[in-house]
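Observations on the three-dimensional arrangement
Residues per chain are reported as follows:
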Amino acid sequence: MSKFPKDFLWGGAVAAHQLEGGWLEDGKGPSVADVLTAGAAGQPREIHDEVRDGVYYPNHEAVDFYHHYKEDIQLFKEMGLKVFRTSIYWARIFPNGDEKEPNEAGLQFYDDLFDELLANGIEPVITLTHFEMPLHLAKTYGGFKNRKVVDFFVKFAETVFERYQDKVKYWMTFNEINNMMDYTNPIFLWTNAGVTVEDDENPEEVMYTAAHHLVLASALAVAKGKAINPEFKIGNMISHVPIYPNNANPANIMLSEEAMRLRYFFPDIQVRGYYPQYALKHFEREGFNIPILEGDAEILANGTVDYIGFSYYMSNAVDIDNQTTHDEANVHGQVPYQVENEYLESSDWGWTVDPMGLRITLNRLWDRYQLPLFIVENGLGAYDEISADGQIHDDYRMDYMTKHIEQMAIAVNYDGVQLMGYTPWGIIDLVSFTSGQMSKRYGMIYVDRDDKGQGSFKRMKKDSFAWYQKVIATNGEDL
Ligand code: BG6
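Residues numbered from 1 in each chain as written. Predicted model: local features only at pLDDT ≥ 70, side-chain atom pairs only at ≥ 80, totals over all residues.

Considering unusual backbone geometry
In plain terms, the rule: The helix count covers DSSP runs of H or I at least four residues long, the strand count covers runs of E at least two residues long, and both are numbered beginning at the N terminus. Here a residue counts as buried when 20 or more other C-beta atoms sit within 10 Å of its C-beta, as exposed when there are 12 or fewer, and as partly exposed otherwise, the C-beta atoms being derived from the backbone.
Phi is positive for Ala62, which is not a glycine, with a value near 45 degrees. Along the polypeptide, Ala62 turns up in the loop between helix H1 (16–19) and helix H2 (65–79). Since 26 C-beta atoms lie within 10 Å of it, Ala62 is described here as buried. With a phi angle near 55 degrees, Asp64 is a residue other than glycine that sits in the positive phi range. Along the chain, Asp64 falls in the loop between H1 and H2. Classification of Asp64 by C-beta neighbours within 10 Å gives partly exposed; the count is 17.

The following block contains the structure:
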C-alpha cells in the first residue's frame, strides 16, 4: 500500500514577487515588495517609502521567471510535479489597486502561464496574494488599516476568479496571514497588510484592526469565488510554527497554550466563521476598539474555507523563567519567552530543524479543525556551492525533506490525518522573503544569480532534483 493517497498533490511552491521580476513590465505597478532592500542573516531588510535611485531592490528582477517560465515549466514537468503553487501579482492586475478596470496585459500573462502549466500536465495552485499589494494602496489608503482596501482586494479576487475559473481549481486567500501577529517587526505588517504604525498608535491594536479587515476580505473572497464556480476549493494559508513548553512545569504548558493562540487566531476565524472567545477577552482587557461592524459576523460565517494550507519550517520553545518582552525578543527574531531547544539543531539562519514538529502540527490542525490539510511550504534555506565537478550536491536538503516526508507519512497512515498534498518551498531558487538574499537557497533547481544582482539567470539541476523526481514517481515510497 502506498504511503500517500493516489491523487496526492506533489508539487512545488513559489510566490510571484520572489520569482517573476519584470517589475514594471506590461503595466505592472510597484508593490510593497518592490521597496524592500536586500538584507542578510541577522540584518533586516529596510522598507523604503518609494524606490530610490542607486539602491538595489532584489525583487525587481528576482529570478526573471517572467521571461523564463516556459523553460522552467519544462524542468517542473521533468521533475514530475503534479501541481505548481504560485501567486497572482496583485500589482500586475491592478497596478495602483484602486483602478476601475484591470490591466489586460497582466491578466494575459497569467492566462499564458496557466495554459503552459496545464499543457504540460501541471495544475496551478494559486495564492490570491503573497505580500504583493500595490504600493499605492499602502501609501494612499494606509493598507488594510483602512476598510476601503477590503473592497479593492475583493474586486481583485473577483476579477481573477472570473478570468481563470476554468483553469484554476485550488485557491488560497492571503499567504501566511498570521505573520503580522509579530507586530513589532515592521516587515510583517507591511507585507501582509501594507500597514505602518504611527508613533501615536498602539501597534497591537493597529494589527488587530488590519487583521479584522483581512479576515473580512478573505471571507468575502471565498463567498465570491464559490458563487463564480462552486467547484473551487478555497483555503486559507497560515504559517505554522509550534511553540513548545520548555518542560513539564504547568506554567510553561499554559504559556505555550497562550502562545499558540497567536498561531490559531486566524484559522479559528477562517475555519469556524467567528472570533474565538480568547481574542474577544483580550480586546476587552486591553481596551482595544476593533472596528467590528454590524453585519461582519455574517460575512465571516459565510466565507469559511474548504481546506487549510500552511507552511511548516521550524518550531520554537518557551520558558516562563525567560521573561523577555515582545520588543526584546523581536531583536533576535524570537517570540517572547523563547529559549533554545536543546534537542534540535538549527539552519544557518537560526531556524530549528524539527521534522517531528510537522507530524505534531498535522495532528493538531486536523484535530482542531477536521478539514483537509495542505502543506504548501516546507524546505531548507541553505548556502549551496557548486562543486569541482560542476554539480550541486545538496544532501542536507534531501535529508531535511526525507525526514519531513517520513513524518507526513506517519501522520497519514498511523494518525489518520487527511493530507491533500505537499509543495516544498522554493522549488526553484528565488529571493528570500525575510533576508532578501539569493544565497538563502531552497530550490532543487539552481539559478545563477547572487546577492548583488549579478548572474546569468541560467538554471541548473541540483542533486535534489533527481531525488524529488523519484519521490514523486513512487508516490513517496522511495525517499
Ligand atoms: C514563508 C513565506 O515565510 O517562508 C515565503 O511564505 C518565504 O514567502 C518562506 O520565502 C521562506 O522564508 P525566507 O525568509 O527564508 O525566504
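Brief notes about the pairing of strand E5 (residues 233–239)
Rule in force here: For two strands to pair, DSSP has to find at least two bridges joining them.
Taken across its seven residues, E5 has five buried, putting it largely inside the fold. Where strand E4 (residues 170–174) meets E5, three bridges bridge the pair, whose relative direction is parallel. The partner of Met172 across the bridge, within E5, is Gly235. The pairing of E5 with strand E7 (residues 307–311) spans five bridges and is classified as parallel. Residue pairing for E7: Gly235 is matched across the bridge by Tyr307.

Let's talk about the packing of helix H13 (residues 355–369) against helix H14 (residues 395–413)
This is how the line gets drawn: For helices, the fitted axis covers only the stretch in contact; all axes are lines through C-alpha atoms, and the angles between them, taken along N-to-C directions, range from 0 to 180 degrees. When describing relative orientation, an angle under 35 degrees is termed roughly parallel and one over 145 degrees roughly antiparallel, while 65 to 115 degrees is termed roughly perpendicular and anything else oblique. Left-handed describes a crossing in which the near helix is turned anticlockwise from the far one by less than a right angle; the clockwise case is right-handed. Any two residues are considered in contact once their C-beta atoms, placed from the backbone, lie within 7 Å. Classes in brief: Ala, Val, Leu, Ile, Met, Phe, Trp, Tyr, Cys and Pro nonpolar; Asp, Glu, Lys and Arg charged; the others, Gly included, polar.
Running from N to C, H13 and H14 point in directions that differ by 30 degrees, and their axes come no closer than 8 Å. By the angle class used here, H13 and H14 are roughly parallel. Like other packed secondary-structure pairs, H13 and H14 cross with a definite hand, here right-handed. Where H13 approaches H14, its residues Pro355, Met356, Leu358, Arg359, Leu362 and Asn363 are matched on the opposing element by Lys403, His404, Glu406, Gln407, Met408, Ile410 and Ala411. Across the contact of H13 with H14, the residue classes break down as seven nonpolar, three polar and three charged.

What to know about the site of the ligand
The condition that has to hold: Throughout this description, a residue near a molecule or strand is one whose C-beta atom, derived from the backbone, lies within 6 Å of it.
Looking at the ligand, there are 14 residues lining it, with Glu176, Gly381, Ser432, Phe433 and Thr434 nearest. Residues belonging to the shell around the ligand are distributed by class as follows: three nonpolar, eight polar and three charged.

Notes on the packing of H2 against helix H4 (residues 104–119)
Where H2 contacts H4, the axes come no closer than 10 Å and their chain directions differ by 15 degrees. Classified by the angle their axes make, H2 and H4 are roughly parallel. Viewed along their axes, H2 and H4 form a crossing whose handedness is right-handed. Taken together, the residues of H4 that come into contact with H2 (itself represented by Tyr69, Lys70 and Ile73) are Leu113, Glu116 and Leu117. A breakdown of the residues in the contact of H2 with H4 according to their chemical character gives four nonpolar, no polar and two charged.

Thoughts on H14
Rule in force here: The span you would expect from a helix comes to 1.5 Å times its residue count less one.
Spanning 19 residues, H14 covers 27 Å between terminal C-alpha atoms, matching the ideal 27 Å at 1.5 Å per step. Taken residue by residue, H14 has Arg397, Met398, Tyr400, Met401, His404, Ile405, Gln407, Met408, Ala411 and Val412 as its buried positions. Buried residues in H14 make contact with strand E11 (352–353), H13, strand E13 (419–422) and helix H15 (463–473).

Focus on the UniProt feature "active site" (unreviewed entry) in the protein
Applicable threshold: UniProt positions are given in the numbering used here, feature names are shortened, and annotations may be inferred rather than shown by experiment.
In the UniProt entry, the feature "active site" (unreviewed entry) is given for Glu377. Its place among the elements puts Glu377 in strand E12 (residues 373–377). For Glu377, a count of 24 C-beta atoms within 10 Å corresponds to the buried category. When residues no more than four places from it in sequence are discounted, the contact partners of Glu377 are Ala13, Ser311 and Trp425.

Digging into the nonpolar core
As a reminder, the rule being used: For the purposes of this analysis, a nonpolar core is taken to be any set of buried Ala, Val, Leu, Ile, Met, Phe, Trp, Tyr and Cys residues that are connected through C-beta atoms within 7 Å.
Counting residues in hydrophobic clusters, the biggest one holds 132 residues, and the most contacted among them are Ile88, Met180, Leu189, Ala210, Leu214, Ile308 and Leu373. No other element matches helix H8 (residues 203–228), which puts 13 residues into this core. With residues up to four places along the chain from it excluded, the contact list for Ala210 reads Gly143, Phe144, Lys145, Met180, Leu189, Ala193 and Val195. Ranked by size, the runner-up nonpolar core spans five residues in total, among them Tyr244, Ala259, Val318 and Tyr337.

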